4 protein chains.
Amino acid sequence: MVVNVGLIGVGAIGKVHIERMQNRISGAQVVAVCDLPKKEAETKQIAKEIGAEYFSDGFELIKSDKVDAVVITTNDPAHPQYTLAAIEANKHVFCEKPMAVDPADCIKVMDAEMKHGKRLVQVGFMRAFDRGYDEVKAELESHKYGDPLLLHCTHRNPSVGTEYDTPMAVENTAVHEMFTLPWLLGENFISAKVTLPRKQTRNTHSNLHDPQMIYLETESGVLVDLEVFVNCQWGYDINCKVVCETGEISLLDPHYHEVKTANQDSVPISEDWSDRFIQAYDSEFQSWTNSVIADKTSGPSAWDGYCASVSTAAASKSRETGKTESINLIDCPDPEFYGVTKIKKTV
Amino acid sequence: MVVNVGLIGVGAIGKVHIERMQNRISGAQVVAVCDLPKKEAETKQIAKEIGAEYFSDGFELIKSDKVDAVVITTNDPAHPQYTLAAIEANKHVFCEKPMAVDPADCIKVMDAEMKHGKRLVQVGFMRAFDRGYDEVKAELESHKYGDPLLLHCTHRNPSVGTEYDTPMAVENTAVHEMFTLPWLLGENFISAKVTLPRKQTRNTHSNLHDPQMIYLETESGVLVDLEVFVNCQWGYDINCKVVCETGEISLLDPHYHEVKTANQDSVPISEDWSDRFIQAYDSEFQSWTNSVIADKTSGPSAWDGYCASVSTAAASKSRETGKTESINLIDCPDPEFYGVTKIKKTV
Amino acid sequence: MVVNVGLIGVGAIGKVHIERMQNRISGAQVVAVCDLPKKEAETKQIAKEIGAEYFSDGFELIKSDKVDAVVITTNDPAHPQYTLAAIEANKHVFCEKPMAVDPADCIKVMDAEMKHGKRLVQVGFMRAFDRGYDEVKAELESHKYGDPLLLHCTHRNPSVGTEYDTPMAVENTAVHEMFTLPWLLGENFISAKVTLPRKQTRNTHSNLHDPQMIYLETESGVLVDLEVFVNCQWGYDINCKVVCETGEISLLDPHYHEVKTANQDSVPISEDWSDRFIQAYDSEFQSWTNSVIADKTSGPSAWDGYCASVSTAAASKSRETGKTESINLIDCPDPEFYGVTKIKKTV
Amino acid sequence: MVVNVGLIGVGAIGKVHIERMQNRISGAQVVAVCDLPKKEAETKQIAKEIGAEYFSDGFELIKSDKVDAVVITTNDPAHPQYTLAAIEANKHVFCEKPMAVDPADCIKVMDAEMKHGKRLVQVGFMRAFDRGYDEVKAELESHKYGDPLLLHCTHRNPSVGTEYDTPMAVENTAVHEMFTLPWLLGENFISAKVTLPRKQTRNTHSNLHDPQMIYLETESGVLVDLEVFVNCQWGYDINCKVVCETGEISLLDPHYHEVKTANQDSVPISEDWSDRFIQAYDSEFQSWTNSVIADKTSGPSAWDGYCASVSTAAASKSRETGKTESINLIDCPDPEFYGVTKIKKTV
């Protein structure tokens, strides 16, 4: 069986996912695409190239009988409305992160999904499908090294444009860790603090404070320091070290070859996210496609999207207040429905 | 469009490729399977599980209208007959390595394929699709480090069973390097020498001399030392270091996480080929599927299969004679047809 | 010429330095030793073994004509009195860190030394003589990677005894970074904050909160996070990563061999400080001996000892108040005398 | 007690050892120096700078009452005569490698030394004092990984001058491995083969065939491949991998810092032997000085020098004959006297 996918939003990430589904994912094909009127010509061109139908209205695309499942890659504010429409239409939906900027919208999605009676929503946190993070999580869950105590993380990009401003360091960059680290540890954050160092890189611009340090604490008391440095110049450099009671587990950037030359022994550093996480994105979409075929959506859920949204909002607030801000989550409305589990801690 | 694949030989590798095409490859589905009468029950069971048709005869499967393209994963001696039948039936065929044990059979396949007028045959040398080897090849072709001068390689397996005997070290194990290294360097081997060290591991058995050292020379004079050690115990450990005039390029085993514990800082070593080369196998089949859809087979060719077969035969002979044996290839009957190119050497 | 050294305090570190000067340092020999009356027998035995004179009183040892220069390895509180006596006696003196627990005592030492007119005091911060830190400092001073922005550091020990309590994490462990990091950056700290995580290792004891996080800021605004974890079990693990504008410079634990076995590729982690820093200690004493012979003491000065003492005191206070505490240094009384320089920052 | 050293030969290595003994070795001082008449001015200048006596004749220096022990750093052919003279004068002598070009001269030295009744000769094979090789040897002797089966080694220099010709690759470069590898394995070589690849680097000159491959076999049947590449351009790059039955032990070039910049994560490669082996040279001289003081010379012996000399001669012969040449050693005249031991092999 092949899943006929309708995709809304043919921007950068949308195009990448179309190419992915057409060429590397088993069981999925894009049959319908949609974007804003101002992008009609481009969107029609894409539709033509892949033999898909063009829609000028996302809600029409969602309702179309041709569409089995929906992929939302629009700008962030439009995410909840289409997700809710897909649930309404009883169709599986993959929504790029963040699920919603406002946590209240995430709750609306959960309510609709629970009312509907089974999971339909997967949020695009692809690191849950990265082999490196999976191996780190497996080591943690083996509990061979005792409980985690501290995390030291970095999220670095080589450079960003002038449209990228100070809030985006938390909302568009650190949001990945806001999902990934709780998923890794099996527990949520309870507080966030953002510090803007007096000393900045000269490679930033007037609207962006770069780098930024984010400090988080989890329910059990694990402390996290996360460096966000989006103009580091040297590459896309994601690090995550989990300090446990008897061992330190570190995420590695996989290297495939090494060169010795000119008195240096070196390995390449990824140039961008598409290179570093290509395997994760492919696995994410293959997993989603398979789960749609099996009518059993898994992977990052609306609840995960909600938790990340609340944590992100608290960090943003801290950047403004300069204080540590608490992260107050509602109780998970249905832990079983959302498969909320924790790493079992030895007491 | 979906390629309807008929697969002959549902042994270990056959099962892996079925699982791969059914779950991870875009555009391919297995619609027919076949194996020897003695495996009828098992083969029918597999056919049932994936909704494919069972054939008791490989030639019938190849001729079937249901079958667009053929995958041959039988035992080695049966490879040429089915490959020739597929060409006869004008169908694209993927044949696991080795293409043939006897170089003469490879020539028959080339003759049939050239007579037919376009490439139909891809041989299962998957390392050409491994990201590591691709990066090494790209560095070589950039010619940043001058010409290659020496190669130091190892091909290590944790252990093998008693059915694995002394000749298999060359014919089933080193055969991968017999293709991969010429592909990497863009030139063929001219001689091979196999040395059986007096000192063996105690982890081998009476029918297997382990380890073995294989020494090869290429047309331009590059010297290769290749260690084959199939009971090394510590893992599946493939290494390839290319010593160039101004740099050394090394293939790396990619690592995704690292652990510090008990006074050791360590990364895992792959346990077997399916773990080390899973990406390469997936890429190989996706590439093959896409090339079948485009009716343009690429990848390792019958000519590559022939060259590897001759090199392997020379190494086997050297093991018996104890002498350096020359590798005498026929001229490539149609370099353009087989896309035979070389790294341009600066003179 | 040979420097005749008098050493006060034959405890663990004292014995190590005696062994060092007798066996590995050119130009130094221990001719006099002293310790508390309760250790008279042991001290006399040591004196006998190395052919040195026993003194029951440190001040007498300092005054003795036999003694050219003094090494102080007593318990911390006794450091200033003997340092002052050595200056009084116009003798070069090597005082183990910390120079004094109370910054006021450091000022007394500086006053005496400056009054005397030339440097006589070297404080035992050996990391300034570690090849790794030297290479990191050289990279920073090359300014190839722009200004430093952030430091991520860890100071880990495999385990400590029950006599090691919560304050010692700052006063005996982090004190090394209190000197080393300003020395590395060429600027002092202005504030310190210590956080005691709710989540501790079960490998600590009732009098020790372990691990602890220490956050520091420098004059120019560089932010430092320092993990102190003294029961990490896995080894003596010192890390220092300097995040600059266009590059990250990391201190490495040197490794001399690597082993692949049992599906792991691993390098050993140092078991303790004496293994990790043996080269630094040897270089420190050779450098001190040479400077005494040349009558030109260099290396970590009384001013450096003062700065480290003030930073350490602020961190200790923060642990009690839970607040960020400022680090208020007097102006360096004589920058030229104390060779106080900074890394020139590009503006 | 201080050893008064007389040094013959103030060339490059001689100067380095003088500087070493004057500044970094405990218990040694150079009191006499000598070189050829044509270098009288330079030698007298050196003598003046370090306050040593100048000798125009090496034999006079050896006989001088001022001289307790002798260091020979002359050109190779002069090594045996001065070594014999030192034995005659009953003085400990450190002779730089090779002990003698002609194995027969090594036998003369052994005869004289044994007749004298105790060891007086240490040969300058400094790798026995390198921490890396020591760690590899300790792993081997622990026998944790079973017996050694294969060795893969490289000896690379960034570049050499036109005075360095083809034979020197074996006689001045590989000679280090001719001592080090048997010392590591605890057994001698029985044959050597040198192969001159058709393909050479363009960075060599008309009198030097570069690189060269040397193949060796030990008594127990361990096979060694050794690459000698003295114009590799990228640095001084010494590698030694010991393949054992259940593990591979690799020598590492120690790294003290790492830099991430411009899409590369790199560590520096040593520029030359003085940087890579400075610790080994210092340890070698401290060990020798201590052994002289204790009147118990240890370290590489005349027997070791003899074995290396025979192996080197066989390799040189192989380069000319193109054949594998056997290495025929006399029985060790006095295994106890020369402390000849082997790694105990499990049977």
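Residues numbered from 1 in each chain as written. Chains lettered and ligands numbered in written order. Predicted model: local features only at pLDDT ≥ 70, side-chain atom pairs only at ≥ 80, totals over all residues. Heavy atoms only, no water.

1. Focus: the sheet that holds strand 5 (residues 92-96) of chain D
All names here are of chain D.
Logical step 1: The strand order 3-2-1-4-5-6 describes an open sheet built from 6 strands, whose pairing is parallel. The sheet is open, and its two borders are formed by strand 3 (53-55) and strand 6 (121-124), each paired with just one other strand. Between one strand axis and the next, the sheet turns through 25° on average, direction left out of account.
Logical step 2: With 4 bridges connecting them, strand 1 (residues 3-8) and strand 4 (residues 69-72) associate as parallel partners. In the strand pairing of strand 4, Gly6 is matched with Val70. (Pairing = 2+ DSSP bridges. Helix = DSSP H or I, 4+ residues; strand = E, 2+ residues; numbered from the N terminus. Axes fitted to C-alpha atoms, helices over the stretch in contact; angles between N-to-C directions.)

2. Looking at the UniProt feature "domain: Gfo/Idh/MocA-like oxidoreductase N-terminal" (unreviewed entry) in chain A
Logical step 1: With numbering matched to this structure, UniProt assigns "domain: Gfo/Idh/MocA-like oxidoreductase N-terminal" (unreviewed entry) to residues 3-125 of chain A.
Logical step 2: As annotated, residues 3-125 of chain A has a helix share of 43% and a strand share of 24%, and its two end C-alpha atoms lie 21 Å apart. (UniProt positions renumbered as here; feature names shortened; annotations may be inferred.)

3. Focus: the relation of the copies chain B and chain D
Logical step 1: When chain B is fitted to chain D, the residual RMSD is 0.1 Å, and the transformation amounts to a turn of 180° plus an axial shift of 0.0 Å. Put plainly, the chains are arranged around a two-fold axis.
Logical step 2: Comparing contact sets, 100% of the residues at the interface of chain B also lie at the interface in chain D, consistent with an isologous, same-surface contact. (Least-squares fit on C-alpha atoms with pLDDT ≥ 70 in both. Contact = heavy atoms within 4.5 Å.)

4. Section: the pairing of strand 2 (residues 28-34) of chain C
The side chains of a regular strand alternate, first on one face of the sheet and then on the other.
Residue and element names in this part refer to chain C.
Logical step 1: A large share of strand 2 lies buried, amounting to 6 of its 7 residues.
Logical step 2: With respect to chirality, the unit in which strand 1 (residues 3-8) leads through helix 1 (residues 12-23) into the neighbouring parallel strand 2 is right-handed.
Logical step 3: Bridge count between strand 2 and strand 3 (residues 53-55): 3 bridges; the pairing is parallel. Bridged to Val33 within strand 3 is Tyr54. (Buried < 20%, exposed > 50% of the residue type's maximum accessible area, 1.4 Å probe, protein only. Right-handed = clockwise from strand over helix to strand, strands pointing away.)

5. Overview of helix 2 (residues 40-50) of chain C
All names here are of chain C.
Logical step 1: Those residues of helix 2 lying buried are Thr43, Ile46 and Ala47. Burial along helix 2 is one-sided: seen end-on, the buried residues are contained in an arc of 100°. Counted as exposed and oriented over 90 degrees from the buried face of helix 2: Ala41, Lys48 and Glu49.
Logical step 2: Packing partners of the buried residues in helix 2 comprise helix 1, strand 2 and strand 3.
Logical step 3: Looking at the residues trailing helix 2, positive phi occurs at Gly51, about 70°. (Arc of directions from axis to C-beta.)

6. Points about the UniProt feature "domain: Gfo/Idh/MocA-like oxidoreductase C-terminal" (unreviewed entry) in chain A
Logical step 1: Summarizing the sequence annotation, UniProt attributes the feature "domain: Gfo/Idh/MocA-like oxidoreductase C-terminal" (unreviewed entry) to residues 137-323 of chain A in the numbering used throughout.
Logical step 2: Counted over residues 137-323 of chain A, helix gives 34% and strand 28%. Its end C-alpha atoms are 31 Å apart.

7. Re the pattern of salt bridges
Logical step 1: Within this structure, the stated rule accounts for 112 salt bridges over all chains.
Logical step 2: Glu139 of chain B is the partner of Lys144 of chain B in a salt bridge, and the nearest nitrogen-oxygen pair spans 3.3 Å.
Logical step 3: The shortest N-O distance in the salt bridge between Lys199 of chain D and Asp147 of chain B comes to 2.7 Å. Of this pair, Lys199 of chain D sits in the loop between strand 8 (189-195) and strand 9 (212-218) while Asp147 of chain B is found in the loop between helix 6 (131-142) and strand 7 (148-156), placing the two residues in two different chains.
Logical step 4: One connected set of salt bridges, linked through shared partners, spans Arg156, Glu227 and Asp237 of chain A, Glu248 of chain C together with Lys260 of chain D. (Salt bridge = Lys/Arg side-chain N within 4 Å of Asp/Glu carboxyl O.)

8. Looking at the interface of chain B and chain D
Logical step 1: Counting from both sides, the interface comprises 43 residues of chain B and, opposite them, 44 residues of chain D.
Logical step 2: At the boundary of chain B with chain D, total buried surface from both sides reaches about 3,100 Å², with 54% on carbon and sulfur atoms.
Logical step 3: Linking chain B with chain D are 14 residue pairs in polar contact (both at pLDDT 80 or more).
Logical step 4: Listed by contribution, the elements that provide at least two residues to the side of chain B that touches chain D are strand 7, strand 8 (189-195), strand 9 (212-218), strand 10 (223-229), strand 11 (237-244) and strand 12 (247-251) of chain B.
Logical step 5: The biggest single contributor to the side of chain B that touches chain D is strand 7 of chain B, with 5 residues. (Buried area = accessible area lost by both parts, 1.4 Å probe. Polar contact = N/O pair within 3.5 Å; in protein donor to acceptor, adjacent residues only side chain to side chain.)

9. Here's the deal with the nonpolar core
All names here are of chain C.
Logical step 1: Ranked by internal contacts, the top residues of the largest apolar core, which has 81 residues, are Leu151, Leu184, Ile214, Cys240 and Val242.
Logical step 2: Of all the elements, helix 7 (residues 168-185) adds the most residues to this core, at 11 residues.
Logical step 3: Of the domains in this structure, domain 1 (3-127 + 278-305) and domain 2 (132-271) are the two that each give at least three residues to this core. (Core = buried A, V, L, I, M, F, W, Y, C linked by side-chain atoms within 4.5 Å. Domains from an automatic or database assignment.)

10. Focus on the domain arrangement of chain A
Residue and element names in this part refer to chain A.
Logical step 1: Here chain A is described as being made up of domain 1 (3-127 + 278-305) and domain 2 (132-271).
Logical step 2: The partner domain 2 presents 12 residues to the 8 residues of domain 1 that form the contact.
Logical step 3: With both chains or domains summed, domain 1 and domain 2 bury close to 930 Å², and 60% of this area falls on carbon and sulfur atoms.
Logical step 4: Per-residue buried area on domain 1 facing domain 2 is highest for Lys97, Phe125 and Arg127; these three make up 73% of the total on that side.
Logical step 5: Along the contact surface separating domain 1 from domain 2 lie 1 salt bridge.
Logical step 6: One salt bridge in this structure joins Glu177 and Arg127, with 2.8 Å as the shortest N-O distance.
Logical step 7: Connecting domain 1 to domain 2 are 4 residue pairs in polar contact (both at pLDDT 80 or more).

11. A closer look at the side chain of Glu113 of chain C
All names here are of chain C.
Logical step 1: For Glu113, the position within the fold is in helix 5 (residues 103-116).
Logical step 2: Notably, Glu113 is buried but unbridged: the nearest opposite-charge side chain belongs to Arg119, and the N-O separation is 4.2 Å.
Logical step 3: Polar contacts involving the side chain of Glu113 include one to the main-chain amide nitrogen of Val121, which spans 3.0 Å. (Lys, Arg positive; Asp, Glu negative; His and termini not counted.)

12. Topic: the relation of the copies chain B and chain C
Logical step 1: The transformation that overlays chain B on chain C combines an axial shift of 0.0 Å with a rotation of 180°, and the residual RMSD is 0.0 Å.
Logical step 2: When the interface residues of chain B are mapped onto chain C, 100% of them again lie at the interface, so the same face is used by both copies.

13. Here we look at the packing of helix 1 (residues 12-23) of chain B against helix 9 (residues 278-293) of chain B
All names here are of chain B.
Logical step 1: One way to put it is that helix 1 packs onto helix 9 with a least axis distance of 11 Å and a crossing angle of 65°. On the basis of the axis angle, helix 1 is roughly perpendicular to helix 9. As helix 1 runs across helix 9, the sense of the crossing is right-handed. Here Ile13, His17, Arg20 and Met21 of helix 1 come into contact with helix 9, specifically with Ile278, Tyr281, Asp282 and Phe285.
Logical step 2: In the contact of helix 1 with helix 9, the residues fall into 5 nonpolar, 1 polar and 2 charged. (Parallel < 35°, antiparallel > 145°, perpendicular 65-115°, else oblique. Left-handed = near helix turned anticlockwise from the far one by under 90°. Nonpolar A, V, L, I, M, F, W, Y, C, P; charged D, E, K, R; others polar.)

14. Points about the interface of chain B and chain C
Logical step 1: The partner chain C presents 16 residues to the 16 residues of chain B that form the contact.
Logical step 2: Interface area, chain B with chain C, both sides summed: about 1,300 Å², of which 42% is carbon and sulfur.
Logical step 3: Where chain B touches chain C, the interface holds 2 salt bridges.
Logical step 4: For Asp237 of chain C, the salt bridge goes to Lys260 of chain B, with nearest N and O atoms at 3.0 Å.
Logical step 5: The tally of links from chain B across to chain C stands at 10 residue pairs in polar contact (both at pLDDT 80 or more).
Logical step 6: The element that contributes the greatest number of residues to the side of chain B that touches chain C is strand 14 (residues 264-268) of chain B, accounting for 5 residues.
Logical step 7: Each residue belonging to the side of chain B that touches chain C can be placed in one class, and the counts come to 5 nonpolar, 7 polar and 4 charged.
Logical step 8: Note: strand 14 of chain B against strand 14 (residues 264-268) of chain C, 5 bridges, orientation antiparallel. Counted as the bridge partner of Pro268 of chain B is Gln264 of chain C from strand 14 of chain C.

15. Things to note about the sheet that holds strand 1 of chain C
Residue and element names in this part refer to chain C.
Logical step 1: Taken in spatial order, the 6 strands of this open sheet run 3-2-1-4-5-6, and their pairing is parallel. Both outer strands of the open sheet, strand 3 and strand 6 (121-124), are each paired with one neighbouring strand and no more. Each strand axis lies, on average, 25° off the axis of its neighbour in the sheet, ignoring direction.
Logical step 2: Helix 9 (residues 278-293) contacts strand 1, strand 2, strand 4 (69-72), strand 5 (92-96) and strand 6 of the sheet and is inclined by roughly 160° relative to strand 5.

16. Some words on unusual backbone geometry
Logical step 1: That bond from Lys97 of chain A to Pro98 of chain A is cis: its omega, -10°, falls within 30 degrees of zero.
Logical step 2: Although it is not a glycine, Asn263 of chain B sits at a positive phi angle of roughly 60°.
Logical step 3: Summarising the element assignment, Asn263 of chain B is placed in the loop between strand 13 (257-261) and strand 14.
Logical step 4: At His143 of chain D, a residue that is not glycine, the phi angle is positive and equals roughly 55°.
Logical step 5: By the element assignment, His143 of chain D lies in the loop between helix 6 (131-142) and strand 7 (148-156).

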